[in-house]
Amino acid sequence: MKIFLDTANLESIRTFNDMGLLDGITTNPSLMSKEGGNPKDAMEEITKIIKGDVSLEVVSTEYSGMMEEGKRLRKYGDNVVVKVPMTPDGLKACKSLSSEGIPVNVTLIFSPNQALLAAKSGARYVSPFIGRLDDIGQDGMHLIKEIKEIFSNYNFGTKILVASIRHPVHVVEAAKIGADVVTLPPAVLNKMLSHPLTKIGLENFLADWEKLKAGNPDIKI
Ligand code: E4P
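Attention shifts here to the overall build of the protein. Scanning the protein from terminus to terminus reveals 11 helices and eight strands. The dimensions of the protein, computed from C-alpha atoms along their principal axes, are 75 × 40 × 30 Å. Burial analysis of the protein (221 residues in total) assigns 44% to the buried set. For the protein, the share of sequence-separated contacts (at least 6 apart) that also reach a separation of at least 24 residues comes to 56%. For the protein, the accessible surface area stands at approximately 11900 Å², while carbon and sulfur atoms represent 53% of it. Of note, the protein has its 26 positive side-chain charges centred 3 Å away from the centre of its 27 negative side-chain charges.

Okay, structure coming up:
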């Protein structure tokens with residue numbers, strides 16, 4: 001399963017990329033807005049740091065605007081995936097951009113039928129938002145199971161990019177279902193890294209080493 005970071009924060013991107021954890025990045029207008037500044041600088045920098053797919057989202061809601069923005073976004077790098085919303089114009093742009101060799105991520109997917117239609121339009125990724133479904137009392141992870149089954153039945157090449165992830169259990173569940181990608185807020189990835197027993201274990205190792213050193217001051221590794 002691939003891991004993308006769901007952020008436009010350059011410091012987090014560099015930190016996790018240096019650990020070799022990142023296969024790609026997803027952004028959206030809200031994440032860009034959260035960082036402030038000129039989003040062009042962020043987009044330029046992110047596409048340079050990350051070798052894998054970087055989703056950059058259009059803000060036009062009409063086909064022609066999406067096409068223009070999609071082509072402009074793609075100029076940031078060959079790794080840019082244009083993110084379009086799950087609307088009729090979004091699907092039309094998905095089909096056109098995909099036919100021109102520009103990969104597309106269809107975002108704001110909340111039902112299996114929306115995922116099916118986005119795949120039919122040639123999307124490289126569909127982004128089902130599981131946390132937002134959980135928020136309104138629906139089972140977000142059930143949607144991932146349904147999309148997985150549908151895509152497997154027909155051998156669609158479209159990848160399932162699990163989005164709106166809120167906690168590490170979501171990641172384990174997505175991996176068990178066999179989702180292709182999870183896109184994680186930095187806070188969730190941080191939580192996945194740590195375990196209280198790791199912390200305690202390391203403290204004990206270091207305390208024991210200090211005891212050993214007390215009797216052999218010159219000892220070194
Ligand atoms: C995905 O591409 C979106 O950027 C993101 O996962 C949305 O998550 P949210 O529901 O936490 O805003």
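Within the structure, the ligand sits among Asp-6, Thr-26, Asn-28, Leu-31, Lys-83, Phe-129, Arg-132, Ala-163, Ser-164 and Arg-166. Between the ligand and Arg-132 there is a distance of 2.7 Å, counted from an oxygen atom to a side-chain nitrogen or oxygen. Arg-166 is positioned with one of its side-chain polar atoms (N or O) 2.9 Å from an oxygen atom of the ligand. Considered on its own, the ligand offers 340 Å² of accessible surface; in the complex 84% of this is hidden by protein. A breakdown of the residues in the shell around the ligand according to their chemical character gives three nonpolar, three polar and four charged.

What follows is about helix 4 (residues 63-74). Its 12 residues give helix 4 an end-to-end C-alpha distance of 16 Å, which sits within 8% of 16 Å, the value for a rise of 1.5 Å per residue. Looking only at helix 4, the buried set comprises Gly-65, Met-66, Met-67, Glu-69, Gly-70, Leu-73 and Arg-74. In this fold, the buried residues of helix 4 make contact with helix 3 (39-49), strand 3 (53-57), strand 4 (80-85) and helix 5 (88-99).

Time to look at the packing of aromatic side chains. Taken as a whole and judged by the stated rule, the model has four aromatic pairs. When the centroid spacing of 6.2 Å and the interplanar angle of 50 degrees are considered together, the rings of Tyr-154 and Phe-156 count as tilted. What makes Tyr-154 exposed here is its relative accessible area of 57%. On the accessibility criterion, Phe-156 (24% relative accessible area) is partly exposed. Of the aromatic side chains, those joined through ring pairs into one cluster are Phe-151, Tyr-154 and Phe-156. Its end group placed over the ring of Tyr-63, Lys-92 keeps NZ or CZ at 4.3 Å from the ring centre.

With that out of the way, let us pick up the packing of helix 8 (residues 140-153) against helix 9 (residues 168-177). It is at 10 Å that the axes of helix 8 and helix 9 come closest, and there the two elements cross at 15 degrees. Comparing the axis directions of helix 8 and helix 9 gives the class roughly parallel. For the element pair helix 8 and helix 9, the recorded crossing hand is right-handed. Here Met-141, Ile-144, Lys-145 and Lys-148 of helix 8 lie close against helix 9, whose contacting residues are His-170, Glu-173, Ala-174 and Ile-177.

Residues Leu-22, Val-106 and Val-162 are the most contacted members of the largest nonpolar core, which totals 54 residues. Those residues in contact with Leu-22, other than ones at most four positions away along the chain, are Ile-3, Leu-5, Ile-13, Phe-16, Asn-17, Ile-50 and Leu-189. Phe-4, Tyr-125, Leu-161 and Val-181 belong to the second-largest nonpolar core, a separate cluster that totals five residues.

This next bit is on the sheet that holds strand 2 (residues 24-26). Taken together, the eight strands give a closed barrel; going around it, the order is 1-2-3-4-5-6-7-8, and neighbouring strands pair in parallel fashion. Between one strand axis and the next, the sheet turns by 30 degrees as a mean value, whatever way the strands run. Where strand 1 (residues 2-6) meets strand 2, three bridges bridge the pair, whose relative direction is parallel. The residue bridging Leu-5 from the neighbouring strand is Ile-25, located in strand 2. Across the sheet, helix 10 (residues 186-193) is in contact with strand 1 and strand 8 (181-184); its angle to strand 8 comes to roughly 105 degrees.

This part takes up the pattern of salt bridges. Tallied over the full model, the rule gives eight salt bridges. In this structure, the salt-bridge partner of Arg-124 is Asp-53, at a minimum N-O distance of 3.0 Å. Taken as a pair, Arg-124 in the loop between helix 6 (112-120) and strand 6 (125-128) and Asp-53 in strand 3 lie far apart in primary sequence, 71 residues in all. Using a relative accessible area of 36% as the deciding quantity, one classes Arg-124 as partly exposed. Note that Arg-166 is salt-bridged to Asp-135, the shortest N-O span being 2.5 Å. With Arg-166 in the loop between strand 7 (159-162) and helix 9 and Asp-135 in helix 7 (residues 130-135), the pair connects residues that are 31 residues apart, well separated along the chain. For Asp-135, a relative accessible area of 53% puts it in the exposed group.

Calculation notes
Residues numbered from 1 in each chain as written. Predicted model: local features only at pLDDT ≥ 70, side-chain atom pairs only at ≥ 80, totals over all residues. Heavy atoms only, no water. Helix = DSSP H or I, 4+ residues; strand = E, 2+ residues; numbered from the N terminus. Buried < 20%, exposed > 50% of the residue type's maximum accessible area, 1.4 Å probe, protein only. Contact = heavy atoms within 4.5 Å. Areas by Shrake-Rupley, 256 points an atom, 1.4 Å probe, with all protein chains shown as cover. Lys, Arg positive; Asp, Glu negative; His and termini not counted. Charge placed at Lys NZ, Arg CZ, Asp CG, Glu CD. Near = heavy atom within 4 Å. Polar contact = N/O pair within 3.5 Å; in protein donor to acceptor, adjacent residues only side chain to side chain. Nonpolar A, V, L, I, M, F, W, Y, C, P; charged D, E, K, R; others polar. Expected span 1.5 Å × (residues − 1). Phe/Tyr/Trp six-rings, centres within 6.5 Å; stacked < 30°, edge-to-face > 60°. Lys NZ or Arg CZ within 6 Å of the ring centre and 35° of its normal. Axes fitted to C-alpha atoms, helices over the stretch in contact; angles between N-to-C directions. Parallel < 35°, antiparallel > 145°, perpendicular 65-115°, else oblique. Left-handed = near helix turned anticlockwise from the far one by under 90°. Core = buried A, V, L, I, M, F, W, Y, C linked by side-chain atoms within 4.5 Å. Pairing = 2+ DSSP bridges. Salt bridge = Lys/Arg side-chain N within 4 Å of Asp/Glu carboxyl O.

Without other data, these values stay purely geometric and don't point to any function.
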